[in-house]
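Inside the fold
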Amino acid sequence: MSDCIFCRIAKGEIPCAKVYEDDEILAFKDIHPQAPVHFLIIPKKHIATLAEATPEDAPVLGRMLELAPRLAADQGAAEGFRSIINTGRHGGQEVYHLHLHVLGGQPMPAMLKY
Ligand code: 5GP
Ligand code: ZN
């Protein structure tokens, strides 16, 4: 997916403030942080949305979840954090490369506001 911004970040073609990287996962700070700690964990493989993940993607999705608390603590959110995956149009997804938001560093507001 050469036109996918997160694929380009994963390949190093677009710079990011890297939080963590291994062979299948990258984590980097959100460019428009919504909390004192706000970073994204992505699979390097292009998966457009959670709705398009397949059973073979389960291990990398599990690893992303398992990494979240460790990276959150490293980044200064040791007292808890919120993790969000926006999926599709009604989910408010803007970038169509699956990503797990991790937000913290202060108490989070009510979960949903309409
Ligand atoms: P979504 O609404 O798709 O769940 O969230 C996309 C997130 O990606 C937004 O919070 C937005 O600020 C972030 N974002 C979009 N483009 C870039 C970028 O080029 N670099 C970084 N670091 N974050 C980005
Ligand atoms: Zn992508």
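Further up the page is the structure itself.
Residues numbered from 1 in each chain as written. Chains lettered and ligands numbered in written order. Predicted model: local features only at pLDDT ≥ 70, side-chain atom pairs only at ≥ 80, totals over all residues. Heavy atoms only, no water.

**Some thoughts on the packing of aromatic side chains**
Under the criterion given, the structure shown has 1 aromatic pair. Both rings, one in phenylalanine 6 and one in phenylalanine 28, keep their centres 5.3 Å apart while their planes meet at 80°; by these two values the pair is edge-to-face. Of this pair, phenylalanine 6 sits in helix 1 (residues 5-10) while phenylalanine 28 is found in strand 2 (residues 25-29), placing the two residues 22 residues apart along the sequence. Like phenylalanine 28, phenylalanine 6 is buried. (Phe/Tyr/Trp six-rings, centres within 6.5 Å; stacked < 30°, edge-to-face > 60°. Helix = DSSP H or I, 4+ residues; strand = E, 2+ residues; numbered from the N terminus. Buried < 20%, exposed > 50% of the residue type's maximum accessible area, 1.4 Å probe, protein only.)

**Quick notes on the coordination of the zinc ion (ligand 2)**
Protein coordination at the zinc ion (ligand 2): the donors are Cys4 (SG), Cys7 (SG), His46 (ND1) and His97 (ND1), at 2.0 to 2.3 Å from the metal. Every donor counted, the 4 donor atoms about the zinc ion (ligand 2) form angles of 106 to 117° at the centre, which fits tetrahedral coordination. All donor residues of the zinc ion (ligand 2) come from one chain, and their arrangement in sequence is C-x2-C-x38-H-x50-H. Taken together, the positions of histidine 46 in the loop between strand 3 (37-43) and helix 2 (58-75) and histidine 97 in the loop between strand 4 (81-84) and strand 5 (100-104) put the pair 51 residues apart, joining distant regions of the chain. On the basis of relative accessibility, which here comes to 24%, the residue histidine 46 falls in the partly exposed class. (Donors = N, O, S within 2.8 Å, 3.2 Å for Na, K, Ca; no water. Tetrahedral: all angles 85-135°; square planar, octahedral: opposite > 155°, others 65-115°.)

**Details of the site of ligand 1**
With respect to spatial proximity, 16 residues lie near ligand 1, and among them Lys29, Asp30, Glu94, His99 and His101 are the closest. Aspartate 30 places a polar side-chain atom, nitrogen or oxygen, 2.5 Å from an oxygen atom of ligand 1. Valine 95 is positioned with one of its backbone polar atoms (N or O) 2.8 Å from an oxygen atom of ligand 1. A total of 520 Å² of accessible area belongs to ligand 1 in isolation, and the protein chains cover 86% of it. Those elements giving two or more residues to the shell around ligand 1 turn out to be helix 1 and strand 2. For the shell around ligand 1, the element with the most residues is helix 1, which contributes 3 residues. Grouping the amino acids of the shell around ligand 1 by side-chain chemistry returns 7 nonpolar, 6 polar and 3 charged. (Near = heavy atom within 4 Å. Polar contact = N/O pair within 3.5 Å; in protein donor to acceptor, adjacent residues only side chain to side chain. Areas by Shrake-Rupley, 256 points an atom, 1.4 Å probe, with all protein chains shown as cover. Nonpolar A, V, L, I, M, F, W, Y, C, P; charged D, E, K, R; others polar.)

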